[in-house]
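Okay, here's what each chain looks like letter by letter:
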Amino acid sequence: SINYRIAYYIMQMMQYYNNRHGKHSRQQGQTPFLLNLEVDLLQEYLRTGIQYFVNAILNSHTSLVPLRYWSLEISTAIDFIKDFLSLKANRATYAENFYNLERGELGKWGALKGAFIWAILPYLGTKIDNYYNNIVADEIDGHRITTFKKIIKTIYPYLYAIIGLV
């Protein structure tokens, strides 16, 4: 059930925090590369936790069930708002702030750009991935592929590389 998955991810996040407690500052010899990997991992855990939370809320109330088809967009919006507010207040995303990292002076536009990169680009990458997989499945099933889909199939590796690099 959804509640079991949420509890599982919360326990996994708590175990992650407990394992890293006291070991996550630069003063204790953590290299910036490994610290960046841990920030990315924490960001991914938070994103997954937000998605399961949104799914649990949308599936538990019958009046919200029609919105469950938009659960990825809703969780992306929450993730964007979380990172934007954190960037604006702390000059770091929520995950970066957890490890006492901060960026230079950002301003409002810098916070918007940072939140866009951290929240919206992974969402776009997921959508492009799903669309490409649907095109490949249609091609395997023998359905006719439109010119637009052929173009997307051709430029997909480049789009994925660009979004993956950011």
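Everything discussed here concerns the structure shown above.
Residues numbered from 1 in each chain as written. Predicted model: local features only at pLDDT ≥ 70, side-chain atom pairs only at ≥ 80, totals over all residues. Heavy atoms only, no water.

S.K.: Would you mind showing me how to read the packing of helix 3 (residues 71-90) against helix 5 (residues 107-140) here?
M.R.: Packed helices, taken two at a time, are described by the angle between their axes plus the distance between the axes. Interaxial distance between helix 3 and helix 5 falls to 8 Å at its minimum, and their mutual angle equals 155°. As judged from the angle between their axes, helix 3 and helix 5 are roughly antiparallel. Judged by the sense of rotation from one axis to the other, the crossing of helix 3 with helix 5 is right-handed. For the pair formed by helix 3 and helix 5, the contact residues are Leu-72, Glu-73, Thr-76, Asp-79, Phe-80, Asp-83, Phe-84, Leu-87 and Lys-88 on the first element and Lys-108, Ala-111, Leu-112, Gly-114, Ala-115, Phe-116, Trp-118, Ala-119, Ile-120, Tyr-123, Thr-126 and Lys-127 on the second. In terms of residue class, the contact of helix 3 with helix 5 is made up of 12 nonpolar, three polar and six charged. (Axes fitted to C-alpha atoms, helices over the stretch in contact; angles between N-to-C directions. Helix = DSSP H or I, 4+ residues; strand = E, 2+ residues; numbered from the N terminus. Parallel < 35°, antiparallel > 145°, perpendicular 65-115°, else oblique. Left-handed = near helix turned anticlockwise from the far one by under 90°. Contact = heavy atoms within 4.5 Å. Nonpolar A, V, L, I, M, F, W, Y, C, P; charged D, E, K, R; others polar.)

S.K.: Would you take a moment to explain the side chain of Gln-43 for this structure?
M.R.: Inspection of the secondary structure puts Gln-43 in helix 2 (residues 32-60). In this view, Gln-43 contacts Asp-79, Lys-82, Asp-83, Thr-93, Ala-95 and Trp-118; residues no more than four positions away in its chain are not counted.

S.K.: Would you explain the environment of Asn-59 in this entry?
M.R.: Relative to the helices and strands, Asn-59 resides in helix 2. Sequence-wise, Asn-59 and Ser-71 are 12 residues apart; in three dimensions their C-alpha atoms are separated by 10.0 Å.

S.K.: Before we go on, may I ask you to explain a nonpolar patch on the surface in this structure?
M.R.: On the surface, Leu-67, Tyr-69 and Trp-70 cluster together into a nonpolar patch covering about 390 Å² of accessible area. Locating Tyr-69 in the fold gives a position in the loop between helix 2 and helix 3. Of the residues examined, Tyr-69 reaches a relative accessible area of 63% and is grouped as exposed. (Patch = residues over 30% accessible without salt bridge, like charges linked within 9 Å, V, L, I, M, F, W, Y side chains within 5 Å. Areas by Shrake-Rupley, 256 points an atom, 1.4 Å probe, with all protein chains shown as cover. Salt bridge = Lys/Arg side-chain N within 4 Å of Asp/Glu carboxyl O. Buried < 20%, exposed > 50% of the residue type's maximum accessible area, 1.4 Å probe, protein only.)

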